[in-house]
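Coordinate inspection notes
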Amino acid sequence: LALVFALGALVRWPRILLPFLLWAAPGAALAAFGLLQAGGPAVATTPGPSGLALLVSPAKGAFVFAPVALVALVGLGRALLVRRARFWDAPPPSLALPLSCGLAFVAHLACLVALGGWADGVFWGPRLVSPAWPALLLFLPEGLAALKLLGSLLLLVSVGVQALGALSYDGRWDRLQ
C-alpha cells in the first residue's frame, strides 16, 4: 500500500522526487538488509485460495462481510470516469487520488492472493484486507450519491453483518471451509 501511495505522490508532485529518495534511502537499505539476512522475501509454500474466494467466500469474503465496499467501488469508478468541475471556472479534479487508491487496493488484494494465508486461522471476516479498506472507502460518498437508496441499503446490511458477528458468531462458518 505504501509503495503505491508513494509512487502516486511522486507522479502527482514530481518535484519531491529527490527529497523523497533521500528520506526513503535509510529505510529501504534497512529493509533490504533484513531481507538478505532472512534469506529473501517470504513466499507461501502452498498456493492460497483463489482471489474470488477472498472477495466472496461465505466464511471470510471481503464483500460478504462489508457489502458497503461495493458502494465504495461504484464511487471509485465514478471518480475515475466522471471528471467534471464543480464550478464553471474550476479545472476538473485530478485522477491522481482515485488512481492511487484503486491501484493500492488492487495491489494489496493481489499480494494477499499471491502470498496466500489470508484465510488461515479462526477469525471473523477478512482481517488481512482491513489495511486496504480506507483506500477504497474514501470514495463511499461518491458511491452513495450514485446509488442512492441501494447504497444506503448496502450500508445497513454491512452494519447488520458486523452486528451479527459481534453478537452471535459461534464459528460454524469456519468449519464449512
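The notes below deal with the structure included here.

Reading the values: rules and limits
- Residues numbered from 1 in each chain as written.
- Predicted model: local features only at pLDDT ≥ 70, side-chain atom pairs only at ≥ 80, totals over all residues.
- Heavy atoms only, no water.
- Core = buried A, V, L, I, M, F, W, Y, C linked by side-chain atoms within 4.5 Å.
- Buried < 20%, exposed > 50% of the residue type's maximum accessible area, 1.4 Å probe, protein only.
- Helix = DSSP H or I, 4+ residues; strand = E, 2+ residues; numbered from the N terminus.
- Contact = heavy atoms within 4.5 Å.
- Expected span 1.5 Å × (residues − 1).
- Arc of directions from axis to C-beta.
- Phe/Tyr/Trp six-rings, centres within 6.5 Å; stacked < 30°, edge-to-face > 60°.

Let's talk about the nonpolar core
- One finds Leu 54, Phe 105, Val 129, Trp 133 and Leu 136 to be the most contacted residues of the largest nonpolar core, which totals 22 residues.
- Contributions of two or more residues to this core are made by helix 4 (62-65), helix 5 (68-81), helix 6 (96-115) and helix 7 (133-137).
- For this core, the element with the highest residue contribution is helix 5, accounting for six residues.
- Apart from the residues within four sequence positions on either side, Leu 54 is in contact with Lys 60, Gly 61, Ala 62, Leu 109, Leu 112, Val 113, Trp 118 and Val 129.

Considerations on the side chain of Ser 158
- Inspection of the secondary structure assignment puts Ser 158 in helix 9 (residues 149-168).
- Ser 158 sits in the buried class, given a relative accessible area of 7%.
- Setting aside its immediate chain neighbours within four residues, Ser 158 contacts Ala 66, Pro 67 and Val 68.

Section: helix 9
- For helix 9, spanning 20 residues, the distance from its first C-alpha to its last is 28 Å, which sits close to the expected 28 Å at 1.5 Å a residue.
- The set of residues buried in helix 9 consists of Gly 151, Ser 158, Val 161 and Gly 165. The buried residues of helix 9 occupy one face: seen down the axis, they fall within an arc of 75 degrees. The exposed set on the far side of helix 9, more than 90 degrees from its buried face, consists of Leu 149, Leu 156, Val 159, Ala 166 and Leu 167.
- Check the buried side of helix 9 and you find it contacts helix 4, helix 5 and helix 8 (140-147).

Details of the environment of Leu 155
- Along the polypeptide, Leu 155 turns up in helix 9.
- For Leu 155, a relative accessible area of 33% translates into the label partly exposed.
- Separated by 85 residues in the primary sequence, Leu 155 and Leu 70 place their C-alpha atoms 9.5 Å from one another.
- Setting aside its immediate chain neighbours within four residues, Leu 155 contacts Val 68 and Leu 140.

Some details on the packing of aromatic side chains
- According to the stated counting rule, one finds three aromatic pairs in the structure shown.
- Between Phe 20 and Trp 23 the ring centres are 5.9 Å apart and the planes differ by 40 degrees, which places this aromatic pair in the tilted class. Separated by three residues within a single helix, Phe 20 and Trp 23 lie in helix 2 (residues 17-38), roughly one turn from each other.
- Given the relative accessible area of 67%, Trp 23 is considered exposed.
- Considering the side-chain rings of Phe 63 and Trp 133, the 6.5 Å spacing of their centres and the 50 degrees angle between planes classify their relative orientation as tilted. Here Trp 133 lies in helix 7 and Phe 63 lies in helix 4, a separation of 70 residues in the sequence. Assigned by exposure class, Phe 63 and Trp 133 land together as buried.
- Following the ring pairs from residue to residue traces out a cluster consisting of Phe 63, Phe 105 and Trp 133.

So, to be careful, I would describe these as geometric facts and stop short of saying anything about function.
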